[in-house]
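Summary of the model geometry
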Amino acid sequence: MADTQKSATLTIGDDSYDLPIHSPTAGPDVLDIRKLYGQAGVFTYDPGFTSTASCDSTITYIDGGQGVLLHRGYPIDQLAEKSHYLEVCYLLLYGVLPTAAQLEEFETTITLHTMLHEQMQNFFRGFRRDAHPMAIMVGVVGAMSAFYHDSTDISDEHQREIASHRLIAKMPTIAAWAYKYSIGQPFVYPRNDLDYASNFLRMCFAVPAEDYEVNPILSRAMDRIFTLHADHEQNASTSTVRLASSSGANPFACIAAGIACLWGPAHGGANQACLEMLKEIGSVDRIPEFIARAKDKDDPFRLMGFGHRVYKNFDPRATVMKQSADEVLELLGVENNPVLQVAKELEKQALEDPYFAEKKLFPNVDFYSGIILEAMGFPTSMFTPIFALSRTVGWISQWKEMIADPQNKIGRPRQLYLGETSRDYVDIEHR
Ligand code: CMC
């Protein structure tokens, strides 16, 4: 942690307390309240962590006001344009861009871990066919701790490394198999001659009766979607992974917890909810009705794919995603896709509306991603699993950083208790 030179004084009644202030390399200063309870006997109150830094980290930085996202210092738009997912994985995990030799070795390692233990197929088969693929992913990833005992000892750096590689490598196989199972088709095994994104597309769309020729432009678009979702600092699912891990739980259990958290519609589930919303709107003339509903305080409806806790400007991922949507739909010959037309017009009308301007609500990463994924042939239920497989490297990088941090201790928030004070038990006949 950065050296403390500044401090703040907190006065409670007649007593004053000096609180150190840490200066980050970028972003707002951070008031250190770790000793506050011990010194002053008070807690701080911050539901939703709107003003709380839960850890220090060197992985990802977001400037929400400027719409900037950096991974290890590199802007996301440069990574999306010039890099590719496995290189970004290396960057997130190890902090530097790899040399050609390091990248080759890393890609080989990941490729050699893509198969699942054969017995895991039985685990998939235990689910109902109509199970949501996210439900299957939570279960199967959690079950990895029962299959890969040689990578669950978190005190062993080598085991942590193998667990990281296994999770990144096997997640596409797990997501693809969750999809195959849901549509009643045989599982397709990974192939080592394909790159990460092409392999995933093939495992989703090939069948034993007919192979699937991977279109390089679609594979590039898939890879870009993975890259854009790779990490996003201390969001809800990442914080869930860190909290689960703070107890010493094994990595597979922690990542399963992250997947469960991601599923919610306020987080990763927004991509599914957004496409469903765009389809429900259906045509451009119905947009004003939905904008009015989003603004109505008595209506729980929100514009999905809009707004963000941190971004108060354009989400830079949404900008790249919008370009990608245009490219993919043009390639597939569906430029006049009615859902894309509704999305673009909805974005335009919302951005011109004072409600969205005042609250600084802009399209987020989920606004356009569903349109691309649907055009590629994915059902809406696969959108969040694809987010989960992409985010696995972020969860893993943050998990590794946390375990290696000597300040790591079990996460244990306190509370503002507003319940009954102590009272005597009343026997049932007297209630
Ligand atoms: N539509 C209409 N109003 C909105 C929206 C929206 N999408 N988002 C926020 N608001 C309003 C909200 O009603 C509130 O108004 P007021 O101050 O009058 O009460 C104000 O804006 C602030 O909203 P908030 O809920 O206090 O903000 P938050 O930081 O807690 O929530 C959010 C952030 C992403 C959960 C929220 O914007 C939202 O629900 N968006 C839709 C879901 C979505 O697209 N989620 C994906 C996020 S990006 C990918 C990811 O993280 O997984």
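Whatever comes next refers back to the structure up there.
Residues numbered from 1 in each chain as written. Predicted model: local features only at pLDDT ≥ 70, side-chain atom pairs only at ≥ 80, totals over all residues. Heavy atoms only, no water.

1. Some points on the overall build of the protein
Summing up its helical and strand segments, the protein has 18 helices and 6 strands in all. Computed over its C-alpha atoms, the radius of gyration of the protein comes to 23 Å, within 12% of the 22 Å expected for a compact globule of 431 residues. Taken along the three principal axes of its C-alpha coordinates, the protein extends 80 × 65 × 55 Å. Out of the 431 residues in the protein, the part that is buried amounts to 46%. Expressed as a percentage of contacts within the protein between residues at least 6 apart in sequence, the contacts between residues at least 24 apart total 69%. For the protein, the accessible area works out to roughly 21,300 Å², and carbon and sulfur atoms hold 52% of it. Charge-centre separation for the protein: the mean point of 38 positive side chains lies 2 Å from the mean point of 55 negative side chains. (Helix = DSSP H or I, 4+ residues; strand = E, 2+ residues; numbered from the N terminus. Rg over C-alpha atoms; globule rule 2.2 N^0.38 Å. Buried < 20%, exposed > 50% of the residue type's maximum accessible area, 1.4 Å probe, protein only. Contact = heavy atoms within 4.5 Å. Areas by Shrake-Rupley, 256 points an atom, 1.4 Å probe, with all protein chains shown as cover. Lys, Arg positive; Asp, Glu negative; His and termini not counted. Charge placed at Lys NZ, Arg CZ, Asp CG, Glu CD.)

2. Here's the deal with the site of the ligand
In the vicinity of the ligand lie 22 residues, with His267, Leu303, Gly305, Arg309 and Lys359 positioned nearest. Contact distances for the ligand include 3.1 Å between a nitrogen atom and a backbone N or O atom of Ala266. Gly305 is positioned such that a nitrogen or oxygen atom in its backbone is 2.8 Å from an oxygen atom of the ligand. Coverage of the ligand by the protein amounts to 75% of the 930 Å² it exposes when considered alone. The class makeup of the residues in the shell around the ligand is 11 nonpolar, 6 polar and 5 charged. (Near = heavy atom within 4 Å. Polar contact = N/O pair within 3.5 Å; in protein donor to acceptor, adjacent residues only side chain to side chain. Nonpolar A, V, L, I, M, F, W, Y, C, P; charged D, E, K, R; others polar.)

3. Quick notes on the packing of aromatic side chains
Counted under the stated rule, the structure contains 24 aromatic pairs. Seen in terms of ring centroids, Tyr85 and Tyr196 are 5.2 Å apart; in terms of plane orientation they differ by 35 degrees. Their pairing is tilted. With a gap of 111 residues between them, Tyr85 in helix H3 (residues 85–94) and Tyr196 in helix H8 (residues 196–205) connect regions that are remote in the sequence. The same class applies to Tyr85 as to Tyr196, namely buried. Considering the side-chain rings of Phe367 and Tyr368, the 5.0 Å spacing of their centres and the 90 degrees angle between planes classify their relative orientation as edge-to-face. One exposure class covers both Phe367 and Tyr368, and it is buried. Here the aromatic residues Tyr85, Tyr179, Tyr196, Phe200, Phe205, Tyr212, Phe226 and Phe378 are joined through ring pairs into a cluster of three or more. Between Arg129 and the ring centre of Tyr181, over which it is positioned, the NZ or CZ distance is 4.1 Å. The residue whose ring lies beneath Arg293 is Phe301, and the NZ or CZ to ring-centre distance is 4.6 Å. (Phe/Tyr/Trp six-rings, centres within 6.5 Å; stacked < 30°, edge-to-face > 60°. Lys NZ or Arg CZ within 6 Å of the ring centre and 35° of its normal.)

4. Section: the sheet that holds strand E4 (residues 60–63)
Spatial strand order, E4-E5-E6: 3 strands in an open sheet with antiparallel pairing. The open sheet has two free edges, formed respectively by E4 and strand E6 (74–75), since each of these has just one partner strand. Across 2 bridges, strand E5 (residues 68–71) lies against E6 in antiparallel orientation. Looking at the pairing, Leu70 lines up with Pro75 of E6. (Pairing = 2+ DSSP bridges.)

5. Focus: the packing of helix H7 (residues 157–182) against H8
With their axes 8 Å apart at the nearest point, H7 and H8 run at an angle of 20 degrees to one another. Considering the angle they form, H7 stands roughly parallel to H8. Seen from above, H7 lies across H8 with right-handed handedness. Together, Ile168, Pro172, Thr173, Ala175, Ala176, Tyr179 and Lys180 of H7 and Tyr196, Phe200, Met203, Cys204 and Phe205 of H8 make up the contact between the two elements. (Axes fitted to C-alpha atoms, helices over the stretch in contact; angles between N-to-C directions. Parallel < 35°, antiparallel > 145°, perpendicular 65-115°, else oblique. Left-handed = near helix turned anticlockwise from the far one by under 90°.)

6. Focus: the pattern of salt bridges
Scanning all chains against the criterion turns up 20 salt bridges. Between Lys400 and Glu161 there is a salt bridge, with its nearest N and O atoms 2.8 Å apart. Of this pair, Lys400 sits in helix H18 (residues 383–404) while Glu161 sits in helix H7, and the two are 239 residues apart along the sequence. Several salt bridges converge on common partners, so that one network encompasses Arg191, Asp193, Arg202 and Asp211. (Salt bridge = Lys/Arg side-chain N within 4 Å of Asp/Glu carboxyl O.)

7. Section: the environment of Asp150
For Asp150, the location among the structural elements is in the loop between helix H6 (133–143) and H7. Judged by relative accessible area, which is 42%, Asp150 ranks as partly exposed. When the C-alpha positions of Asp150 and Gln349 are compared, they lie 54 Å apart, and in sequence the two are 199 residues distant. Setting aside its immediate chain neighbours within four residues, Asp150 contacts Gln159 and Arg166. Of the polar contacts made by the side chain of Asp150, one reaches the side chain of Arg166; its length is 2.8 Å.

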